[in-house]
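Chain residues, written in single-letter form:
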Amino acid sequence: MNKTKVFAPFLVFWILTFCGCSSGVALSQRGIVKAVFADKTITNYVVGLVIVQGSEKEAGKEEISLQWGEGETLAQAIQQAEQQGQSVVFYGQNQLLFAGKQASQKGLGKVLDYFGTEQASRPNMAVYATEQTPEEFEEWTEQEDFFQQLNGLEKDLEKSHKQARMIYELNTGEQKAEGLVPFLEKKENGTDTSQLVLYDDDTPILLLKENQAQLARLLLGTPVVLEYVTQYQGNSIGYSLQTPRITHEIQLENGKPILHLTLQGSVRGITAATAQMQAQLSRWESRKELSRKFSQQISSELQQLLQQTWQQGLDPFGFGWWFGVWNNQWYQQNSSSGALWQYPSVVVEADVEVV
Amino acid sequence: MPHKTLINTRQLIIGVYLCLVCDSLIRPLPGGAAIAAYGRIFGAFLCATVVLFLFGFLLKKCQTEGFVALLAAKTPHSKWVLCLLSFAFLLGAARSLQQSEMFYRYATGQTLPLTLLLLLILVVCLYAAHTGLEVLLRTGTVLAILLAGSLVLIAIANAPQMRLQNLQIPQQPIESIWQSCMTGFNLTPELLLVGVLGHSCGQQKNFGILFKILLLTVVSDVVFTLISELVLGQFEALQVQPIHTLARLGGISVFRRLDAVHVSVWLLIAVFRTALLCVGLGEVLRPLLPSKAKQAAVWVVALPIFAVAVLLYHVPELVQQWAETFFVFAAGAGIAFAMRKEKAHE
């Protein structure tokens, strides 16, 4: 018999044993990292890894464990946290990054920079600033419905109108947090991630809530639904603005460029407290008046947002990009000299229609 | 002797295109992605124009009987020209092997011993080369379809994340384009394949073949660059493998973590590229080998490729790039010089 034909299968089998088939890690030995908590002390970083593993006591159930690590650098802290457990940690399913109280106050940029460039972590991790200390976070993980709450946060990431912001949307590479970061507020019956924290030079300077936060998300390009309550003929009415969109246009006025932002959308489904009011709302004259009223209300909120951000010299929404596209040289000169903020260079208005 | 079988022109175009586009998919870009998209796009057009200019005239000569005789070692200048070509293809194949291993390790986190992984990939590539050029190029057509599917999937999966404001506005356009050209320009031995194999392609001019290849490559590069910057913005500058980052980001409906699908297609293309370069090396080395070794030319190159690939791990990426450019340019210049001497002799 040909020696090669006899020898070949053994050679192939031998080579296959080097391919990792025999050195693979069984699923039961893997610790799937569900979330990462990163915080700072005066000198060190503290990292908590929320690990999910199959329960040994009950089939089909999962067990949550928290592994802590501390170190001078994030890498050291993570390494120590990984060594706390018996399992081999796996980051492929990790979509949540929580920044603790101290890290959220100062040093969030370095956390974002580390996780944004670390190859093992996913670039589409959702980042949340929190006011939780490591002890408070540990208490949270001990709640019975903690796993369900994490699942709820992950489900939010799959929505088109998600409230989360991903690490790649925030990371600028300068180790300083800039822009809007979602704020996670722990409540009795769950979590609230609707609020946004505005960072400038790695320092939180403004907290946006409710519709202000939604308008900010809309300006960032995320599809949102806006819910409002207003007064009409002595009665409270609620309405929601579905699929709002913002148009940007630079117009020259008195020789100066002005960026016009117009929020457009359709209001469907206005609710009133009484049936009589509800019937009145469906009349055409009422709808025209309501369109004007709603537009004014939303314009006012947009103007307030503008006062808190652009008019303070901040640009979390990328308004400067539009000026740069119009005339980059002009924009560079006038932004560095501050002339861009010495006149109302950005004007906002809303034009919504009740259908 | 060069193959007398007629090669399908379309398959050759697709094959060389896959080799060139493979660079965009798997080559690490430490600091390279920091250049804005407009710089890289204009740089790509400029570099492609320079390559077309440099190689266009050379490749016209590669469709003459004189070139066929040169490749068959029948002219006085054949030996040193074939040696230059061999160095160029050897370095190209070794670099391709090294990049395949590095990307495989980066994308999968696999900790297999380096030399073993290199050996395994090389064996696969050499076997693919051994099946013959026609078979390899037909496989390339299938890979091109898979690549197109991969890119369409990446574009669709990342479409919701694209933002116009992520596009960087030119600050210093000339410097940016120049920097892109300096870091991105290189001549690769795949370009020489058009000359080495193109004379078997029948009536179509080599210049036309090269033009189509470069056009496809530049268009692909432009699409990659635009999608990367539209989605990642400034985050792209921190990425060693921006296209791989895009593959990790996107999802379609309930389908997440599709990066493994993309990586498998790209690695197949990397293996294809290495195999095609091994074929090229075998073609140019065959006339120089003793008659007993001619049939096994593809396997003879195994050890040199492996040795050079291991050596390349100690050489910086930029030095490798310029060394490859030098050898390819030298081989092209050698062909032009030899052809001119032959013509003068006639």
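Keep in mind that what you see is a predicted model, and the values were worked out from it rather than measured.

A.B. asks: Explain the overall build of chain A to me, please; I cannot follow it from the model alone.
C.D. replies: Helices and strands together make up the secondary structure of chain A, namely 12 helices and 13 strands. With 355 residues in all, chain A has 47% of them scored as buried. Taking all contacts inside chain A whose residues are at least 6 apart in sequence as the whole, residues at least 24 apart take part in 63%. Taken as a whole, chain A presents about 18300 Å² of accessible surface, with 48% of it coming from carbon and sulfur.

A.B. asks: Looking at this model, I keep getting lost on the overall build of chain B. Mind explaining?
C.D. replies: When you go through chain B residue by residue, the secondary structure sums to 15 helices and 0 strands. Over its C-alpha trace chain B gives a radius of gyration of 20 Å, about what one expects of a compact globule, namely 20 Å for 346 residues. Counting only C-alpha atoms and orienting by the principal axes, one finds that chain B spans roughly 60 × 45 × 35 Å. The burial tally for chain B puts 56% of its 346 residues in the buried class. Considering only intrachain contacts with a sequence separation of at least 6, the fraction spanning at least 24 residues in chain B is 85%. As displayed, chain B offers around 15000 Å² of accessible surface, 70% of which is attributable to carbon and sulfur atoms. Across chain B, 24 positive and 15 negative side-chain charges occur, with their mean positions spaced 6 Å apart.

A.B. asks: Is there a simple way to think about the pairing of strand S2 (residues 45-54) of chain A in this case?
C.D. replies: A regular strand places its side chains so that they alternate between the two faces of the sheet. All names here are of chain A. In terms of burial, S2 is largely enclosed, as 8 of its 10 residues are buried. Direction of pairing for strand S1 (residues 30-40) relative to S2: antiparallel, over a ladder of 8 bridges. Looking across to S2, one finds that Ile32 is bridged to Val52. Here S2 runs beside strand S3 (residues 62-71); their pairing, made up of 10 bridges, is antiparallel. Within the sheet, the bridge partner assigned to Gly54 lies in S3 and is Glu62.

A.B. asks: Help me understand the packing of helix H2 (residues 74-82) of chain A against helix H4 (residues 108-117) of chain A in this model?
C.D. replies: Packed helices, taken two at a time, are described by the angle their axes make and the gap between the axes. Residue and element names in this part refer to chain A. H4 packs onto H2 with a crossing angle of 65° between their chain directions and a minimal axis gap of 11 Å. In this structure, H2 contributes Leu74, Ala75 and Ile78 to the contact, and H4 contributes Lys110, Val111, Tyr114 and Phe115. Grouping the amino acids of the contact of H2 with H4 by side-chain chemistry returns 6 nonpolar, no polar and 1 charged.

A.B. asks: I would appreciate a short explanation of a negative patch on the surface in the present structure.
C.D. replies: A surface patch of like charges, here negative, comprises A:Glu131, A:Glu135, A:Glu136, A:Glu138, A:Glu139 and A:Glu142. Tracing the sequence through the fold places A:Glu136 in helix H5 (residues 134-141).

A.B. asks: Which parts of the structure should I look at to understand a nonpolar patch on the surface?
C.D. replies: A cluster of nonpolar side chains, contributed by B:Val50, B:Phe53, B:Leu54, B:Phe57 and B:Phe329, occupies part of the molecular surface with about 490 Å² of accessible area. Among the elements that make up the nonpolar patch, the one with the highest residue count is helix H2 (residues 37-61) of chain B (4 residues).

A.B. asks: Just to check I follow, could you spell out the domain arrangement of chain A for this structure?
C.D. replies: When the parts of a complex come together, some accessible area is lost, and that lost area is often taken as the interface size. Residues and elements named next belong to chain A. Per the domain assignment, the segments of chain A are domain 1 (30-208) and domain 2 (221-354). Opposite the 10 residues of domain 1 that make contact, domain 2 presents 9 residues. It is His161, Leu198 and Leu206 that lose the most area in domain 1 upon contact with domain 2, and together they represent 43% of the buried surface on that side. Applying the counting criterion to the domain 1 and domain 2 interface returns 0 salt bridges. The tally of links between domain 1 and domain 2 comes to 0 residue pairs in polar contact (both at pLDDT 80 or more). For the side of domain 1 that touches domain 2, the secondary-structure elements that each account for two or more residues are strand S7 (179-187), strand S8 (190-200) and strand S9 (203-208). Looking at the side of domain 1 that touches domain 2, the element that brings in the most residues is S9, giving 3 residues.

A.B. asks: For this particular structure, what's the right way to read the environment of B:Leu276?
C.D. replies: Turning to its location among the elements, B:Leu276 is positioned in helix H11 (residues 259-285). Beyond its immediate chain neighbours, meaning those up to four positions away, B:Leu276 contacts B:Gly15, B:Val16, B:Cys19, B:Leu133, B:Leu136, B:Leu137 and B:Leu193.

A.B. asks: Quick question: what am I supposed to make of the nonpolar core here?
C.D. replies: The tendency in soluble globular proteins is for nonpolar side chains to be buried side by side. Judged by nonpolar contacts, the single largest core of 122 residues is most densely connected at A:Phe98, B:Phe55, B:Leu85, B:Trp266 and B:Ile305. In terms of residue count, the dominant contributor to this core is H11(B) (15 residues). Once residues lying within four places of it in the same chain are set aside, the contact partners of B:Phe55 are B:Leu187, B:Leu191, B:Leu192, B:Leu210 and B:Val328. Judged by nonpolar contacts, the second largest core, of 50 residues, contains A:Leu196, A:Val267, A:Leu305 and A:Tyr331.

A.B. asks: Even after reading the chapter, I still don't get the interface of chain B and chain A, so can you show me in this structure?
C.D. replies: Contacts between the two partners involve 25 residues from chain B, matched on the other side by 33 residues from chain A. In total, about 2400 Å² of surface goes out of reach between chain B and chain A, with carbon and sulfur atoms giving 55% of it. Per-residue buried area on chain B facing chain A is highest for B:Gln165, B:Phe235 and B:Arg248; these three make up 26% of the total on that side. Inspection of the region where chain B meets chain A yields 0 salt bridges. There are 6 residue pairs in polar contact (both at pLDDT 80 or more) connecting chain B and chain A.

A.B. asks: I'm lost on the packing of helix H11 (residues 319-326) of chain A against helix H12 (residues 328-337) of chain A in this one. Help?
C.D. replies: Residues and elements named next belong to chain A. The N-to-C vectors of H11 and H12 enclose an angle of 130°; their axes lie 5 Å apart at closest approach. Relative to H12, H11 is oriented oblique. Residues Gly320, Phe323, Gly324 and Trp326 of H11 form the contact with H12, whose own contacting residues are Asn328, Trp330 and Tyr331. A breakdown of the residues in the contact of H11 with H12 according to their chemical character gives 4 nonpolar, 3 polar and no charged.

A.B. asks: Sorry, what's going on with a positive patch on the surface here?
C.D. replies: Residues and elements named next belong to chain B. The grouping of Lys61, Arg340, Lys341 and Lys343 at the surface amounts to a positive patch. Broken down by element, the residue count for the positive patch peaks at 3 residues, all from helix H15 (residues 317-345). The residue Lys61 is located in helix H2 in this model.

A.B. asks: Explain helix H8 (residues 210-219) of chain A to me, please; I cannot follow it from the model alone.
C.D. replies: Helical geometry note: an α-helix holds 3.6 residues per turn, so side chains three or four residues apart project in the same direction. Within H8(A), 9 of the 10 residues are buried, leaving the element largely enclosed by the surrounding structure. Phi turns positive, to about 100°, at A:Gly221, one or two residues after H8(A).

A.B. asks: Is there a simple way to think about the side chain of A:Ser345 in this case?
C.D. replies: Residue and element names in this part refer to chain A. With respect to the helices and strands, the residue Ser345 is situated in the loop between H12 and strand S13 (346-354). Judged by relative accessible area, Ser345 falls into the buried class, the value being 1%. Within polar-contact distance, the side chain of Ser345 engages the side chain of Trp310 at 3.0 Å. What Ser345 contacts, discounting residues up to four positions off in sequence, is Pro257, Ile258, Leu259, Trp310, Phe323 and Leu340.

A.B. asks: Whenever I open this one, the pattern of salt bridges confuses me. Can you help?
C.D. replies: Oppositely charged side chains can form a pair if their charged atoms are brought close together. The tally for this structure, following the rule as stated, stands at 12 salt bridges over all chains. Residue A:Asp192 pairs with A:Lys187 through a salt bridge whose shortest N-O separation is 3.9 Å. What makes A:Lys187 partly exposed here is its relative accessible area of 37%. Across the pair B:Glu324 and B:Arg95 runs a salt bridge, and its minimum N-O distance is 2.8 Å. A residue pair is termed long-range when its members are at least 10 positions apart, and B:Glu324 in helix H15 and B:Arg95 in helix H4 (residues 78-108) qualify at 229 residues. For B:Glu324, a relative accessible area of 4% gives the class buried. Among the ionic contacts, a cluster of salt bridges with common partners joins B:Asp23, B:Arg27, B:Arg95, B:Arg273, B:Glu317 and B:Glu324.

The rules behind these values
- Residues numbered from 1 in each chain as written.
- Chains lettered and ligands numbered in written order.
- Predicted model: local features only at pLDDT ≥ 70, side-chain atom pairs only at ≥ 80, totals over all residues.
- Heavy atoms only, no water.
- Helix = DSSP H or I, 4+ residues; strand = E, 2+ residues; numbered from the N terminus.
- Buried < 20%, exposed > 50% of the residue type's maximum accessible area, 1.4 Å probe, protein only.
- Contact = heavy atoms within 4.5 Å.
- Areas by Shrake-Rupley, 256 points an atom, 1.4 Å probe, with all protein chains shown as cover.
- Rg over C-alpha atoms; globule rule 2.2 N^0.38 Å.
- Lys, Arg positive; Asp, Glu negative; His and termini not counted.
- Charge placed at Lys NZ, Arg CZ, Asp CG, Glu CD.
- Pairing = 2+ DSSP bridges.
- Axes fitted to C-alpha atoms, helices over the stretch in contact; angles between N-to-C directions.
- Nonpolar A, V, L, I, M, F, W, Y, C, P; charged D, E, K, R; others polar.
- Patch = residues over 30% accessible without salt bridge, like charges linked within 9 Å, V, L, I, M, F, W, Y side chains within 5 Å.
- Salt bridge = Lys/Arg side-chain N within 4 Å of Asp/Glu carboxyl O.
- Domains from an automatic or database assignment.
- Buried area = accessible area lost by both parts, 1.4 Å probe.
- Polar contact = N/O pair within 3.5 Å; in protein donor to acceptor, adjacent residues only side chain to side chain.
- Core = buried A, V, L, I, M, F, W, Y, C linked by side-chain atoms within 4.5 Å.
- Parallel < 35°, antiparallel > 145°, perpendicular 65-115°, else oblique.

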